[in-house]
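Observations on the three-dimensional arrangement
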Amino acid sequence: MKFIFDRDTMIKEVSIAQEIISTKNTGSILSNILIIASDNKLTIKATDIKVNFETSVPVQIVEEGMTTIYCDKFMGILNSLPSGEIEFNQEKSENDEQSVNVVIRPVGKKIKFQMKSMSQEKFPEFYSADTVPYFEVSSKDIKEMISQTSFAVSEDETRYFMNGVFFEKRDDNLNMVATDGRRLSFVSKQILAGVNSFPSAIVHPKILNIILRHAPDEGNIFVAVVDKMIFFTFGNYKFGAVLLEGQFPNYERVIPENQLYSFKVQRTDLVDALKRVALMVDKKAGRIYFTVSDGALKITSSQSEMGSADEEIPCQYAGQTYSIALNFRYIEEPLRGIKSEQVMFEFTEEMKAVTMRPDPAEDYFHIIMPMQRE
């Protein structure tokens, strides 16, 4: 096999493959990318068994063929080389006829790398995504939905059914929900008009965060949920991922039908105050206190050996004083995705669920369970 490729184009594609690969064991086929040179294009595949990636780039093929090479080392070589055309040549080792090496050299430069390749025979077969029933959705909408939910999944592997984001079709709406049992993030967008029903699914955040990073900001992408798999395709990229098994919790039971009280704060005031108070927050417990009273919200870190911090910011509220203990991360993480000038908090009493959402209300919100007071 021999072909010539553009270094910068290849780096872009291999860097995504590198995100998929989860092992750096040089003896494992899963540390390698599969490359197939044919029909004047190079197909690149990578997998960690649960997440698959495929792309293709135009190359100048001198001799067709296929092999696998260690992804991390290949990426390191590419990063070390100057921009321009690179020659990739697979040839038998001079010292060992059973061994096959890959020679990588920039065209017109006296630089040469040799890498061992591994037979493609052990590379896992991909589930074919060419004939699955895709539906088309706005890339911008999907990316917004992922950013509003993926951070809220559970990290407790014993509750594997909560380790992913729940996808479901409700009428013409796509709902995405994530929870770790102490908070819940929900978003719903009317983007499925004319789309046939598909089974609800629990999707691992790894594939969702890869889509978030690489899907375009404009245009549409294609999605399919079928046979315990989810597929995404856009441009020259094809992704597939195994769905998580299990029964996702009945999230609707967690969402309060109505809240008795509410207060609003300026988003920038809240962000700045949290940054300062966070300096004294116990990182393990993460406990802070929201004390709301007429016209003011006081944010206080829990007392620790290092000390404490508190800050008061204006808020729109009139009524009885309430103090609610909350996990700092459960405020700070959803706040990154809220773009409105004001943030609304709704509650009924100090130990019941708090609703956090933009103001005016949009198509997403977050539910936070208070912590026990110290």
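Definitions and cut-offs
- Residues numbered from 1 in each chain as written.
- Predicted model: local features only at pLDDT ≥ 70, side-chain atom pairs only at ≥ 80, totals over all residues.
- Heavy atoms only, no water.
- Helix = DSSP H or I, 4+ residues; strand = E, 2+ residues; numbered from the N terminus.
- Contact = heavy atoms within 4.5 Å.
- Pairing = 2+ DSSP bridges.
- Axes fitted to C-alpha atoms, helices over the stretch in contact; angles between N-to-C directions.
- Core = buried A, V, L, I, M, F, W, Y, C linked by side-chain atoms within 4.5 Å.
- Buried < 20%, exposed > 50% of the residue type's maximum accessible area, 1.4 Å probe, protein only.
- Parallel < 35°, antiparallel > 145°, perpendicular 65-115°, else oblique.
- Left-handed = near helix turned anticlockwise from the far one by under 90°.
- Nonpolar A, V, L, I, M, F, W, Y, C, P; charged D, E, K, R; others polar.

1. Observations regarding the environment of Met-351
Structurally, Met-351 can be placed in the loop between β23 (342-347) and β24 (354-359). Taking the C-alpha atoms as reference, Met-351 lies 7.3 Å from Ile-324; in sequence the two are 27 residues apart. Beyond its immediate stretch of four places on either side in the chain, Met-351 contacts Pro-370, Met-371 and Gln-372.

2. Quick look at unusual backbone geometry
Cis geometry is found at the peptide bond from Asp-359 to Pro-360, where omega equals 5°. Structurally, the position occupied by Pro-360 is in the loop between β24 and β25 (364-368). A positive phi angle, near 85°, is found at Ile-49, a position not held by glycine. Topologically, Ile-49 is positioned in the loop between β3 (41-47) and β4 (51-58).

3. Structural notes on the sheet that holds strand β22 (residues 322-327)
The 4 strands lie next to each other as β21-β20-β19-β22, forming an open sheet whose pairing is antiparallel. Looking at the sheet topology across the chains shown, the edges are occupied by β21 (310-314) and β22. Taking the axes of each pair of neighbouring strands and ignoring which way they run, one obtains an average angle of 20° across the sheet. Taken together, the 6 bridges between strand β19 (residues 287-293) and β22 define a ladder with antiparallel strand orientation. The residue of β22 that forms the bridge with Phe-290 is Ile-324. Contacts from helix α6 (residues 328-335) reach β19 and β22 within the one sheet, and its direction differs from that of β22 by about 75°.

4. Considering the nonpolar core
Phe-3, Ile-33, Phe-74 and Phe-239 are the most contacted members of the largest nonpolar core, which totals 100 residues. By size, the runner-up hydrophobic cluster in this structure holds 10 residues, among which are Phe-166, Phe-186, Phe-248 and Ala-353.

5. Things to note about the packing of helix α1 (residues 7-20) against helix α2 (residues 71-80)
Interaxial distance between α1 and α2 falls to 10 Å at its minimum, and their mutual angle equals 150°. Accordingly, the angle class assigned to the pair α1 and α2 is roughly antiparallel. In this structure, α1 crosses over α2, and the sense of that crossing is left-handed. On the side of α1, the interface is formed by Arg-7, Met-10, Ile-11, Val-14, Ser-15, Ala-17 and Gln-18, while α2 contributes Cys-71, Asp-72, Phe-74, Met-75, Leu-78 and Asn-79. Partitioning the contact of α1 with α2 into residue classes produces 8 nonpolar, 3 polar and 2 charged.

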